[in-house]
Amino acid sequence: MSQNRTPHVVIVGGGFGGIAAMKALADAPVRVTLIDRHVYNMFQPLMYQVATGGLNAGDVTYFLRSLRAKQRNADFRHGLLVGIDPEHRTAIMSDGENLQYDYLILANGVNTSYFGTPGAYEYAYSMYSRSQALRIRDELFTRLEQAAAKQGPDEIRVVIVGGGATGVEMAGALAELRDQALKDAYPEIDPSKITITLVHRSAELLKPFAPRLRRYAAKMLRKRGVELRLNSGVEEVLQNGVRVASGEFIPAEQVIWATGVAAHKEVSNWGMPQTHGGRIEINDDLRVKGQDRIFAIGDIAAGDDPLPQLAQPAIQGGKHAGEQILRLLHGKPTEAFHYFDKGTMATIGTNAAVAQLRGGITMIGPLAWLVWVVIHIASLLGNGNRVSTLTHFAVRYLWALRKRAIPIVGDVRPVRPNGDREPDPWALQKAE
Ligand SMILES: Cc1cc2nc3c(=O)[nH]c(=O)nc-3n(C[C@H](O)[C@H](O)[C@H](O)COP(=O)(O)OP(=O)(O)OC[C@H]3O[C@@H](n4cnc5c(N)ncnc54)[C@H](O)[C@@H]3O)c2cc1C
């Protein structure tokens with residue numbers, strides 16, 4: 001039988017959902033093509049660690065092509081999906097190539113939404129990709145160098161917008177970075193001049209968590225020197241701070257946007273039905289409404305009762321979509337997807353985390369933190385990443401080493417006039 005007669009499954013997105021779908025089809029009599037606009041998978045739950053110098057970007061990055069070594073029926077295609085032609089079963093790539101599919105799985109995730117807040121796109125740093133996480137880190141260290149060289153403001157005021165898990169984790173990690181590493185590295189800077197403020201629209205942090213966990217998170221952040229500005233929706237982001245709904249201006253050298261997600265803009269050209277936040281509407285078997293060969297899973301998909309935009313719904317959805325394709329290939333009807341909620345977690349920093357488990361069980365403190373560490377290391381792709389993340393966590397968190405915790409840094413802009421060589425011509429070309 002020719003290779004071309006083997007049913008072809010195209011999966012768009014090598015995130016949690018796409019990889020789970022690909023693995024579910026490992027032993028199936030199909031060809032699988034995984035498409036991603038990046039050549040890597042980024043483990044988003046630990047991205048804030050990259051942004052705060054706790055982990056290397058490579059520790060949480062996995063080369064998607066290497067999945068082919070583990071799965072012989074899988075191929076990888078680097079590129080951006082820009083259109084779908086369901087009638088001719090064609091996935092249209094931005095470079096003009098058309099890929100024929102028998103089944104298509106949309107697992108392309110979502111992106112930052114600024115809710116139309118003026119100035120947010122221009123001035124705030126969002127954290128949805130590896131390059132954005134690195135930009136946050138490099139900008140922070142540029143500000144620190146400026147302050148140390150007396151070449152800019154002597155204060156480094158970081159404002160984090162959003163008190164969900166990402167905002168809380170970011171604030172906790174920044175506080176720890178300041179208290180454990182920056183004091184010694186930057187004796188020129190008065191530590192009281194490095195401030196972290198978390199601005200949140202509602203009265204409590206971590207809305208999806210139980211009240212006890214929300215209170216604990218707020219208490220631990222305050223204890224670690226994070227100022228909480230609750231009931232303060234950000235109305236505008238300016239070059240030098242944010243303006244909240246009351247009209248008050250909160251000054252900041254760096255604003256980090258840690259709230260809100262929406263579909264990528266190209267999704268509106270795919271002709272799929274979309275609902276809140278641009279999510280693609282699906283039936284209970286995870287097929288897109290009105291489509292019999294197209295599935296949507298993970299963050300981009302929403303059924304009548306939408307699931308939270310977290311890793312587990314994407315992983316379980318990916319597995320289910322793969323299994324349904326197998327059923328269809330065997331002439332069987334599809335089955336409804338049932339999400340198994342294993343719980344959610346967030347960490348505030350060393351020895352402080354909150355966990356909400358199945359059956360209403362909640363955990364706080366060192367035990368929750370230990371569970372958080374184990375789960376996150378185990379969930380990473382690749383043994384190399386697990387080992388290097390464990391090593392960097394040990395350097396950052398272990399009591400004996402904490403005093404010597406050295407942040408991971410990257411390139412910092414020269415802060416003094418003529419503080420660097422003229423850039424080489426090739427560097428200028430590359431920057432274009
Ligand atoms: C900072 C941060 C922290 C988080 N922390 C947690 C946490 O602690 N716990 C938790 O459960 N969840 C967390 N989440 C949410 C979790 O990461 C997502 O719910 C999960 O990644 C969704 O998986 P997915 O497969 O739907 O999409 P993603 O994992 O986002 O993967 C989508 C993939 O599609 C690719 N892609 C996008 N558009 C296209 C296109 N047009 N063509 C080709 N490829 C495309 C992208 O490059 C990406 O690789 C966090 C998210 C962020 C941003």
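Here, the structure is the one placed above.
Residues numbered from 1 in each chain as written. Predicted model: local features only at pLDDT ≥ 70, side-chain atom pairs only at ≥ 80, totals over all residues. Heavy atoms only, no water.

A.B. asks: Can you break down the site of the ligand residue by residue, with the values?
C.D. replies: The environment of the ligand is formed by 31 residues, the closest being Gly17, Asp36, Gln44, Glu266 and Asp299. Measuring from an oxygen atom of the ligand, one finds a backbone N or O atom of phenylalanine 16 at 3.3 Å. Note that an oxygen atom of the ligand is positioned 3.2 Å from one of the backbone N or O atoms of leucine 310. For the ligand, the accessible surface in isolation is 1000 Å², of which the surrounding protein chains cover 91%. Only helix H1 (16-24), strand E2 (31-36) and helix H8 (311-329) provide two or more residues apiece to the shell around the ligand. Each of two domains, domain 1 (8-37 + 79-110 + 263-329) and domain 2 (120-260 + 343-402), supplies a minimum of three residues to the shell around the ligand. (Near = heavy atom within 4 Å. Polar contact = N/O pair within 3.5 Å; in protein donor to acceptor, adjacent residues only side chain to side chain. Areas by Shrake-Rupley, 256 points an atom, 1.4 Å probe, with all protein chains shown as cover. Helix = DSSP H or I, 4+ residues; strand = E, 2+ residues; numbered from the N terminus. Domains from an automatic or database assignment.)

A.B. asks: Give a description of the sheet that holds strand E6 (residues 81-85) that names residues and reports values.
C.D. replies: On the basis of which strands lie adjacent, the open sheet formed by 3 strands has the order E6-E7-E8 and antiparallel pairing. Where the open sheet ends on each side, the last strands, each with one partner, are E6 and strand E8 (98-100). Sheet twist, expressed as the mean angle between neighbouring strand axes with direction ignored, is 25°. Relative to E8, strand E7 (residues 90-93) is paired through 3 bridges, and the arrangement is antiparallel. What sits directly across from isoleucine 92, in E8, is asparagine 98. (Pairing = 2+ DSSP bridges. Axes fitted to C-alpha atoms, helices over the stretch in contact; angles between N-to-C directions.)

A.B. asks: Help me get a handle on unusual backbone geometry, residues and values and all.
C.D. replies: Most peptide bonds take the trans form, and the phi angle of most residues other than glycine is negative. The phi dihedral of lysine 150 falls on the positive side, at around 55°, and the residue is not glycine. By the secondary structure assignment, lysine 150 is in the loop between helix H5 (130-148) and strand E12 (156-161). Even without being glycine, asparagine 418 reaches a positive phi, approximately 55°. Mapped onto the fold, asparagine 418 is located in the loop between helix H11 (399-402) and helix H12 (425-431). For asparagine 418, a relative accessible area of 77% gives the class exposed. (Buried < 20%, exposed > 50% of the residue type's maximum accessible area, 1.4 Å probe, protein only.)

A.B. asks: Describe the pairing of E12, listing the residues and the values that go with them.
C.D. replies: The buried fraction of E12 is high, at 5 of 6 residues. In this sheet, strand E13 (residues 194-199) lies alongside E12 in parallel orientation, the contact comprising 6 bridges. By the bridge assignment for E13, isoleucine 160 is matched with leucine 198. Regarding topology, helix H6 (residues 165-185) serves as the crossover connection from E12 to the parallel E13, and that connection is right-handed. Note: E12 against strand E18 (residues 254-257), 4 bridges, orientation parallel. Paired with valine 158 across the strands is glutamine 254, a residue of E18. (Right-handed = clockwise from strand over helix to strand, strands pointing away.)

A.B. asks: I'd like a description of the pattern of salt bridges, backed by residues and values.
C.D. replies: Inspection of the entire model under this criterion finds 21 salt bridges. In this structure, the salt-bridge partner of glutamate 139 is arginine 143, at a minimum N-O distance of 3.1 Å. Here arginine 143 and glutamate 139 lie together in helix H5, a separation of 4 residues that amounts to about one turn. Exposure remark for glutamate 139: the relative accessible area of 7% places this residue in the buried category. Residue classification places arginine 143 among the partly exposed positions, given a relative accessible area of 21%. Note that lysine 289 and aspartate 304 form a salt bridge whose closest N and O atoms lie 2.9 Å from each other. Of this pair, lysine 289 sits in the loop between strand E20 (280-281) and strand E21 (294-296) while aspartate 304 sits in the loop between strand E22 (301-302) and H8, and the two are 15 residues apart along the sequence. A relative accessible area of 28% places lysine 289 in the partly exposed class. The class for aspartate 304 is exposed, based on a relative accessible area of 70%. Three or more residues joined by partner-sharing salt bridges are found here, namely Arg77, Asp95 and Glu97. (Salt bridge = Lys/Arg side-chain N within 4 Å of Asp/Glu carboxyl O.)

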